[in-house]
Amino acid sequence: MDDERGEGQDERRGERRQEAFRALLRAQRVWDTELPAFDPATAPGEPLPLFHRWFAEAVAAGQPEPHTMTLATADERGRPDVRTLMLHDADVRGWHFATHVTSAKGRQLAARPEAALGFYWAAQGRAVRLRGAVATADAAETRADLRARSKGALAAALVGRQSEVLGSLEQLARMSEDAWERAGHDPAPEARSWTGYVLVPDEVEFFQGDARRQHVRLRYRREGATWARELLWP
């Protein structure tokens with residue numbers, strides 16, 4: 001009887017926690033600010049200039065870490081995988097990022113060299129989505145990118161072993177300390193598994209949120225050497 005009473009109490013506590021979470025979730029508001037207008041008729045003929053403009057406007061609007069993005073890949077079974085990382089560049093070749101070739105995403109990209117990227121800039125109710133093939137950058141470009149990183153980011157790259165099982169936090173602290181010292185003393189460190197990647201999009205969508213949910217969605221689709229533009233229902 002006591003066991004049954006205890007199980008019943010645990011169940012009721014679990015239900016209360018779940019209801020508290022739902023109430024908190026439903027109380028959240030979206031875009032409690034004035035959102036910019038977006039007229040797709042004024043958009044350029046290709047996506048890169050518009051991405052540059054929106055990125056600069058996100059920075060000016062005070063968006064925290066506007067260069068943060070999500071990267072989606074697929075594993076060997078076709079299951080989707082997603083993580084957050086930093087954009088390193090966006091130029092005529094594509095959108096650049098870097099990771100260890102031995103990491104989970106590095107292995108997935110080696111097996112299936114396609115991916116999707118997502119940016120969300122809440123300060124202006126804007127999002128950008130991209131899909132396309134992924135190519136590796138050459139070694140010289142990867143080394144230059146590594147040397148341009150902050151000391152902390154460089155130290156993390158030097159530690160390597162990303163996505164491997166970690167034995168303890170003490171092991172991480174010890175290896176991170178060694179990598180931090182190396183990053184501070186070696187002007188040209190080498191992280192053999194660190195690799196640059198370029199996503200070459202065949203689709204780029206620009207989403208402008210609207211408080212009345214009349215969102216504007218403009219999609220660019222690559223057609224040979226040019227881009228087709230089309231509006232999407234929100």
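Summarised in this report is the structure supplied together with it.

Reading the values: rules and limits
- Residues numbered from 1 in each chain as written.
- Predicted model: local features only at pLDDT ≥ 70, side-chain atom pairs only at ≥ 80, totals over all residues.
- Heavy atoms only, no water.
- Helix = DSSP H or I, 4+ residues; strand = E, 2+ residues; numbered from the N terminus.
- Buried < 20%, exposed > 50% of the residue type's maximum accessible area, 1.4 Å probe, protein only.
- Contact = heavy atoms within 4.5 Å.
- Areas by Shrake-Rupley, 256 points an atom, 1.4 Å probe, with all protein chains shown as cover.
- Pairing = 2+ DSSP bridges.
- Polar contact = N/O pair within 3.5 Å; in protein donor to acceptor, adjacent residues only side chain to side chain.
- Salt bridge = Lys/Arg side-chain N within 4 Å of Asp/Glu carboxyl O.
- Core = buried A, V, L, I, M, F, W, Y, C linked by side-chain atoms within 4.5 Å.
- Patch = residues over 30% accessible without salt bridge, like charges linked within 9 Å, V, L, I, M, F, W, Y side chains within 5 Å.
- Expected span 1.5 Å × (residues − 1).
- Phe/Tyr/Trp six-rings, centres within 6.5 Å; stacked < 30°, edge-to-face > 60°.
- Lys NZ or Arg CZ within 6 Å of the ring centre and 35° of its normal.

**Structural notes on the overall build of the chain**
Here is step 1: From N to C terminus, the chain includes six helices and nine strands.
Here is step 2: Relative to its full complement of 234 residues, the chain shows a buried share of 37%.
Here is step 3: A sequence separation of at least 24 residues applies to 63% of the contacts in the chain between residues at least 6 apart.
Here is step 4: Carbon and sulfur atoms make up 52% of the accessible area of the chain, which amounts to about 14500 Å² in all.

**Quick notes on the pairing of strand β8 (residues 216-223)**
Here is step 1: Note: strand β7 (residues 194-208) against β8, six bridges, orientation antiparallel. Each bridged residue has a counterpart across the sheet, and for F207 the counterpart in β8 is R217.
Here is step 2: Of the strand pairs in this sheet, β8 and strand β9 (residues 226-232) are connected by seven bridges, and their pairing is antiparallel. When the bridges of β9 are listed, R219 appears paired with E230.

**What to know about the side chain of R217**
Here is step 1: Within the secondary structure, R217 sits in strand β8.
Here is step 2: At 2.6 Å, the side chain of R217 forms a polar contact with the side chain of E205.
Here is step 3: In terms of polar contacts, R217 uses its side chain to reach the backbone carbonyl oxygen of W233, at 2.9 Å.
Here is step 4: Apart from residues no more than four positions distant in its own chain, R217 is found in contact with R129, E205, F206, F207, E230, L231, L232, W233 and P234.

**Description of the pattern of salt bridges**
Here is step 1: Within this structure, the stated rule accounts for 14 salt bridges.
Here is step 2: Residues R126 and E57 are paired through a salt bridge, measuring 2.6 Å at the closest nitrogen-oxygen approach. One end of the pair, R126, is in strand β6 (residues 126-136); the other, E57, is in helix α2 (residues 47-60), and 69 residues separate them in sequence.
Here is step 3: Residue R126 is classed as buried on the basis of its relative accessible area of 3%.

**Topic: the nonpolar core**
Here is step 1: Counting 29 residues, the largest nonpolar core has F51, W95, F119 and V128 as the members making the most contacts within it.
Here is step 2: Here F51 is in contact with L87, A90, W95, F119, W121, V128 and F206, once residues within four sequence places are set aside.

**Section: a nonpolar patch on the surface**
Here is step 1: Together, L166, L169 and L172 make up an exposed nonpolar region whose accessible area comes to about 280 Å².
Here is step 2: With respect to the secondary-structure elements, L169 resides in helix α6 (residues 169-185).
Here is step 3: Residue class for L169 comes out exposed when judged on its relative accessible area of 64%.

**Remarks on α2**
Here is step 1: Helix length check: α2 (14 residues) gives 20 Å between terminal C-alpha atoms against 20 Å at 1.5 Å per residue, within 8%.
Here is step 2: Note on α2: the residue one or two positions beyond its end, G62, has a positive phi of about 85°.

**Details of the packing of aromatic side chains**
Here is step 1: Using the criterion set out here, one finds twelve aromatic pairs in the structure.
Here is step 2: Considering the side-chain rings of F51 and F119, the 5.0 Å spacing of their centres and the 65° angle between planes classify their relative orientation as edge-to-face. Here F51 is found in helix α2, whereas its partner F119 is found in strand β5 (residues 114-121), with 68 residues between them in sequence.
Here is step 3: Under the relative-accessibility criterion, F51 is labelled buried at 1%.
Here is step 4: For the ring pair F51 and W121, a centre distance of 5.8 Å and an interplane angle of 45° mean the geometry is tilted. Of this pair, F51 sits in helix α2 while W121 is found in strand β5, placing the two residues 70 residues apart along the sequence. This pair shows no difference in class: F51 is buried, exactly as W121 is.
Here is step 5: Counting every residue linked through ring pairs, the aromatic cluster contains F38, W54, F206, Y220 and W227.
Here is step 6: In this structure, R126 is placed above the aromatic ring of W54, and the distance from its NZ or CZ to the ring centre is 4.2 Å.

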